[in-house]
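Topology and contacts: notes
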Amino acid sequence: ELAMAVGAGAGTIVIDNFDDIDRLEKIVTDEQRVLIRVIPDVEADTHEAMATGHAGSKFGLSVPDAVRAAARLRASDRLRLDGVHVHVGSQLLDTAPFARAVEAIASLGELGEHAVYDLGGGLGVRYTYTDQAPTVDEYVRTLTDAARAHLPANARLIIEPGRSLVAESALTLYRAVTVKRGRPRALVAVDGGMGDNLEPMLYGQRFEATVTSRVGGGEPCDLVGRHCESGDTLIRDVPLRAPAVGDLIAVPVTGAYCYSISNNYNGARRPPVVFCHDGEARAVVRRETYEDLLRRDQ
Ligand SMILES: Cc1ncc(COP(=O)(O)O)c(C=O)c1O
């Protein structure tokens, strides 16, 4: 991948470890700009699987190791150290850890007047009615205020927003296959589940849902998927109005980390992706077929 990045002329490559430096020095022939990924030792209030800036994180180098890596890069005739990179985690609903990360990387000392400070992604989004996510303005103000307080005046800032750009752009449409009543909560089983949305299982992410033809309110239900385990619960205790077999059930805010982590567990075929705009619909990823699933078998 590093060779592909260099071959494609990637402007800047983020180095995670000393082995990356060894590898890049062998690959690069012209000058290559690099950043060092630094562990800021910042705890972010998010699911532990999405926290990446704490002391024990597998990503990047501790501040003392980053200082050693910087010294090594300065001695390199091919790799040019342009600055540092941090990413404290994903789905952050509080902006304070972003500011603490900026302060932490400032402790690396001077990296040059126009050094690059890549502050990663992480801005959280509103999945449920009760979530309160920072606005883009609040997020950017937090970063720029912290940069003014702790970084050189001409520092160049980069951000890498992911989830916050795309999460709200998509919803997942399921078909209700089975409804079981006569239990503490009605159980509504749909024709998807952990094959197309692993966020509830991996990160405990909560979503909302509605019957598309009867929006809002209703009886408390457990929305479950088609896969062969009880962990395949999309949403526990979500209100759905008079759900019945054949209903379309919409789960909003599935534009981030759902398609990208979708899988073929139980031989489930991944659903299509359809873009809609101004009343027009266009399939941009077709529905998977059984032939697709068997394509690599020999
Ligand atoms: C290095 C890096 N930058 C940016 C992102 C995007 O984060 P988010 O989608 O939370 O904005 C990620 C996500 O894993 C990441 O690992």
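Computed from a predicted structure; not experimentally measured.

Parameters at a glance
Residues numbered from 1 in each chain as written. Predicted model: local features only at pLDDT ≥ 70, side-chain atom pairs only at ≥ 80, totals over all residues. Heavy atoms only, no water. Axes fitted to C-alpha atoms, helices over the stretch in contact; angles between N-to-C directions. Helix = DSSP H or I, 4+ residues; strand = E, 2+ residues; numbered from the N terminus. Parallel < 35°, antiparallel > 145°, perpendicular 65-115°, else oblique. Left-handed = near helix turned anticlockwise from the far one by under 90°. Contact = heavy atoms within 4.5 Å. Near = heavy atom within 4 Å. Polar contact = N/O pair within 3.5 Å; in protein donor to acceptor, adjacent residues only side chain to side chain. Areas by Shrake-Rupley, 256 points an atom, 1.4 Å probe, with all protein chains shown as cover. Nonpolar A, V, L, I, M, F, W, Y, C, P; charged D, E, K, R; others polar. Buried < 20%, exposed > 50% of the residue type's maximum accessible area, 1.4 Å probe, protein only. Arc of directions from axis to C-beta. Phe/Tyr/Trp six-rings, centres within 6.5 Å; stacked < 30°, edge-to-face > 60°. Lys NZ or Arg CZ within 6 Å of the ring centre and 35° of its normal. Domains from an automatic or database assignment. Buried area = accessible area lost by both parts, 1.4 Å probe. Salt bridge = Lys/Arg side-chain N within 4 Å of Asp/Glu carboxyl O. Pairing = 2+ DSSP bridges. Core = buried A, V, L, I, M, F, W, Y, C linked by side-chain atoms within 4.5 Å.

1. Observations regarding the packing of helix 4 (residues 96-106) against helix 5 (residues 136-150)
Think of two packed helices as two axes; the pair is described by the angle between the axes and how far apart they sit. Close contact between helix 4 and helix 5 brings their axes to 9 Å; oriented N to C, the two are set at 25°. It follows from the interaxial angle that helix 4 and helix 5 lie roughly parallel. Of the two possible hands of crossing, helix 4 and helix 5 adopt the one that is right-handed. Touching F98, A99, V102, E103 and A106 of helix 4 are Y139, T142, L143, A146, A147 and H150, all from helix 5.

2. A short note on the site of the ligand
Inspection of the region around the ligand gives R37, H85, H87, S90, G121, G122, E160, P161, G162, R163 and Y257 as its neighbouring residues. Here Y257 contributes a side-chain N or O atom positioned 2.5 Å from an oxygen atom of the ligand. Here the ligand loses 74% of its free accessible area of 400 Å² to cover by the protein chains. Class assignment for the residues of the shell around the ligand results in two nonpolar, six polar and three charged.

3. As for helix 2 (residues 18-27)
By the burial criterion, the buried members of helix 2 are D20, I21 and L24. Projection of helix 2 onto a plane perpendicular to its axis shows the buried side chains occupying an angular sector of 100°, all on one side. Of the surrounding elements, those touching the buried residues of helix 2 are helix 1 (2-7), strand 1 (12-15), strand 2 (32-37), helix 3 (63-74) and strand 3 (79-85). Between a side-chain oxygen at the N-terminus of helix 2 and the backbone nitrogen of D19 the separation is 3.0 Å; the capping residue is N17.

4. What to know about the packing of aromatic side chains
Working definition: an aromatic ring pair is given by the centre-to-centre distance plus the angle between the planes. In this structure the tally under the stated criterion is two aromatic pairs. Arranged with centres 5.1 Å apart and planes meeting at 75°, the rings of Y127 and F207 form a pair that is edge-to-face. Taken as a pair, Y127 in the loop between strand 4 (116-118) and helix 5 and F207 in the loop between helix 7 (199-203) and strand 8 (210-211) lie far apart in primary sequence, 80 residues in all. Given a relative accessible area of 4%, Y127 falls into the buried group. Of note, R269 hangs over the ring of Y290, and the distance from its end group to the ring centre comes to 4.1 Å.

5. Some words on the domain arrangement of the protein chain
Split by domain assignment, the protein chain resolves into domain 1 (2-164) and domain 2 (170-294). Between domain 1 and domain 2, the residue contacts involve twelve residues of the former and eleven residues of the latter. Both faces combined, the contact of domain 1 with domain 2 buries some 970 Å², and carbon together with sulfur accounts for 62% of it. When the buried area of domain 1 at its contact with domain 2 is split by residue, Y127, T128 and R163 rank highest and sum to 54% of it. In this structure, the connection of domain 1 to domain 2 is made through one salt bridge. Where R163 meets E199, a salt bridge forms, and the shortest distance between an N and an O atom there is 3.3 Å. The interface formed by domain 1 and domain 2 holds two residue pairs in polar contact (both at pLDDT 80 or more) in total. A breakdown of the residues in the side of domain 1 that touches domain 2 according to their chemical character gives five nonpolar, four polar and three charged.

6. Concerning the pairing of strand 12 (residues 273-277)
Examined bridge by bridge, strand 12 and strand 13 (residues 280-285) share five bridges and lie antiparallel to one another. Across the sheet, F275 pairs through a bridge with R282, a residue of strand 13. The hairpin turn running from strand 12 into strand 13, its antiparallel successor, is two residues long, and D278 in that turn takes a positive phi close to 50°.

7. Observations regarding the nonpolar core
For soluble globular proteins, nonpolar side chains are generally found buried alongside one another. Membership of the largest hydrophobic core comes to 38 residues, with the highest contact counts inside it found for L24, I36, V38, L73 and Y117. Of all the secondary structure elements, the ones that give two or more residues to this core are strand 1, helix 2, strand 2, helix 3, strand 3, helix 4 and helix 5. Here L73 is in contact with I15, I21, V34, I36, L79 and L81, once residues within four sequence places are set aside. Ranked by size, the runner-up nonpolar core spans 21 residues in total, among them A167, Y174, I249 and V253.

8. A short note on the sheet that holds strand 9 (residues 219-224)
One open sheet accounts for six strands, arranged 8-11-6-7-9-10; its pairing is mixed. Looking at the sheet topology across the chains shown, the edges are occupied by strand 8 and strand 10 (233-240). By the bridge criterion, five bridges tie strand 6 (residues 171-180) to strand 11 (residues 248-252) in an arrangement that is antiparallel. Bridge pairing in strand 11 places L171 opposite P252.

9. Concerning the pattern of salt bridges
Scanning the entire structure with this criterion turns up 15 salt bridges. When the shortest N-O distance is used, the salt bridge between R78 and D77 registers 3.2 Å. Overall, the relative accessible area of 29% leaves R78 in the partly exposed class. With a closest N to O distance of 2.4 Å, D247 and R214 form a salt bridge. Of this pair, D247 sits in the loop between strand 10 and strand 11 while R214 is found in the loop between strand 8 and strand 9, placing the two residues 33 residues apart along the sequence. The exposure class assigned to R214 is partly exposed, which follows from its relative accessible area of 24%. Each of D22, E25 and R72 takes part in salt bridges that share partners, so that together they form one network.

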